[in-house]
Amino acid sequence: YKEQLAKKQKELSELLKPFCKVNPIVGMKNPYHYRNKVHAVFGHRKDGTVISGTYQQGTHFIVPVDECLIEDKRADAIICDIRGLLKSFKIKTYNEDTGYGLFRHVLVRTGYHSGQVMVVLVLGSPILPSKNNFVKALRKLHPEITTIILNVNDQKTSMVLGEKETVLYGKGYIEDELCGHTFRISSKSFYQVNPVQTEKLYQTALDFADLQGDERVWDLYCGIGTISLFLAKAVPNGQVTGVEIVPEAIENAKKNAALNGISNTSFYCGAAEDVVTDMVAKHRTPSKEDTNGALADVVVVDPPRKGCDAKLLDTIVTMNPEKIVYVSCDPATLARDVKVLGEKGYEVKKVRACDMFPQGGHVETVVGLQRKDM
Ligand code: SAH
């Protein structure tokens, strides 16, 4: 594990060399079984035996998985037992080539602190035979399950979840705690997969933001509002605005603010490059000399791997914040975006990676940028 960390540190340092020295990566104490979200694709062998596991890289061949060293053990046990239930209930797995069959995927989400467990059964059509008995049998085997959702994905797609969902048991969401707040998480909302390291990641972002208490902060790509609420606590006399594209996640974010008694946040649904750009266009454009004319004091971004949209980077610069905190899950797009921001007047002050994906190749990085005084 030490060598893995050294390798990630070296890769990141080389990529970001033109911008800033990279602080030592934050490693994980026990780098196993950390994944709180486990996905298994279901299929069968030629002889009809049900298998479940993961796609072989770059293909749709299923590699059978019973247990994986990075996955939550409770999730793996549930998935194995669902395989057994399919056999006893004579439920056929879905065939991606022909479109025949029913059972496609299982997604299990576990709450690290709450212990709550969500099971999402993804089917090719809405009817699960002997539905009630199936749910009963599964709950009997795993009383730790707190909610079961039936998701229908009838498209020939590599996306796991479909649009339509019905709740078969429980509330339809789980809750978990992070950084002292409670979060409601739906099946379709993004939630960091490594809850232990997430707290360290968010703390790093908060440290880099270095808030005084009255700032106007934006949290772009905010998901269910995890970083937003954390920031909101740090600016009791300020305001946090979150923007996120998935409607279910924004619903979660609003609910999460209320659940935690936080009133200085507001959330908007849509593509950040559109929503924020529209909002900024409606205000006057601040001049560089007039920092009081800034529309934001601090902007936090946490985009998916493809990084920030070029239009969004322009808009952020127009907002003229003193600081930008960039949380990234892909160093290559991070380096690309930081270069653009550098050309537009922002200097990288601090960099630190946090190992969110032990035993895997991905690197999660937090960068603190500061507006250069003109
Ligand atoms: N900060 C959150 C989520 C980060 S993941 C957390 O730590 O939990 C990135 C998020 O960006 C996802 O929730 C995804 O749905 C959202 N997203 C993807 N493209 C987007 C876009 N163009 N505008 C706004 N949000 C987007």
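Below: a short report on this structure. The model shown is predicted, which means the values in this text are computed figures rather than measured ones.

## Focus on the overall build of the chain
Right, on to step 1. Tallying secondary structure elements over the chain gives 9 helices and 17 strands in all.
Right, on to step 2. Since a compact globule built from 374 residues should have a radius of gyration of about 21 Å, the 22 Å found for the chain is in line with a globular shape.
Right, on to step 3. Its C-alpha atoms give the chain principal-axis dimensions of about 70 × 45 × 35 Å.
Right, on to step 4. For the chain, the proportion of its 374 residues judged to be buried stands at 51%.
Right, on to step 5. For the chain, the accessible area works out to roughly 17,700 Å², and carbon and sulfur atoms hold 51% of it.
Right, on to step 6. The distance from the centre of the 48 positive side-chain charges to the centre of the 45 negative ones in the chain is 5 Å.

## A closer look at the site of the ligand
Right, on to step 1. The full set close to the ligand counts 17 residues, and Tyr 202, Glu 244, Ala 272, Glu 273 and Asp 302 are the nearest of them.
Right, on to step 2. Interatomic distance of 2.5 Å between a side-chain N/O atom of Tyr 202 and an oxygen atom of the ligand.
Right, on to step 3. Burial of the ligand by the protein amounts to 90% of the accessible area it has alone, namely 570 Å².
Right, on to step 4. For the shell around the ligand, the secondary-structure elements that each account for two or more residues are α5 (226-234) and α7 (272-282).
Right, on to step 5. Its residues placed into classes, the shell around the ligand shows 10 nonpolar, 4 polar and 3 charged.

## A few points about the packing of aromatic side chains
Right, on to step 1. Counted under the stated rule, the structure contains 3 aromatic pairs.
Right, on to step 2. Note on Phe 42 and Phe 103: the rings are 5.1 Å apart at their centroids and 65 degrees apart in plane angle, and the pair reads as edge-to-face. Placement of Phe 42 in strand β2 (residues 37-44) and of Phe 103 in strand β5 (residues 103-110) is noted, with a sequence separation of 61 residues between them. The same class applies to Phe 42 and to Phe 103, which are both buried.
Right, on to step 3. Aromatic pair Phe 103 and Phe 134: ring centres 6.5 Å apart, planes at 45 degrees, arrangement tilted. Highlighted residues: Phe 103 in strand β5 and Phe 134 in helix α3 (residues 131-141), separated in sequence by 31 residues.
Right, on to step 4. Residue Phe 103 is classed as buried on the basis of its relative accessible area of 0%.
Right, on to step 5. On the accessibility criterion, Phe 134 (0% relative accessible area) is buried.
Right, on to step 6. Taken together, the ring pairs in this structure connect Phe 42, Phe 89, Phe 103 and Phe 134 into an aromatic cluster.
Right, on to step 7. Lying across the ring of Tyr 94, Arg 104 places its NZ or CZ 4.0 Å from the centre.

## Details of unusual backbone geometry
Right, on to step 1. A positive phi is found at Lys 90, a non-glycine position, where the angle reads about 55 degrees.
Right, on to step 2. Tracing the backbone through its elements, the reader meets Lys 90 in the loop between α2 (73-88) and β5.
Right, on to step 3. The exposure class assigned to Lys 90 is exposed, which follows from its relative accessible area of 72%.
Right, on to step 4. Although it is not a glycine, Tyr 221 adopts a positive phi angle of roughly 65 degrees.
Right, on to step 5. Take Tyr 221: its relative accessible area is 18%, and that puts it in the buried class.

About the thresholds
Residues numbered from 1 in each chain as written. Predicted model: local features only at pLDDT ≥ 70, side-chain atom pairs only at ≥ 80, totals over all residues. Heavy atoms only, no water. Helix = DSSP H or I, 4+ residues; strand = E, 2+ residues; numbered from the N terminus. Rg over C-alpha atoms; globule rule 2.2 N^0.38 Å. Buried < 20%, exposed > 50% of the residue type's maximum accessible area, 1.4 Å probe, protein only. Areas by Shrake-Rupley, 256 points an atom, 1.4 Å probe, with all protein chains shown as cover. Lys, Arg positive; Asp, Glu negative; His and termini not counted. Charge placed at Lys NZ, Arg CZ, Asp CG, Glu CD. Near = heavy atom within 4 Å. Polar contact = N/O pair within 3.5 Å; in protein donor to acceptor, adjacent residues only side chain to side chain. Nonpolar A, V, L, I, M, F, W, Y, C, P; charged D, E, K, R; others polar. Phe/Tyr/Trp six-rings, centres within 6.5 Å; stacked < 30°, edge-to-face > 60°. Lys NZ or Arg CZ within 6 Å of the ring centre and 35° of its normal.

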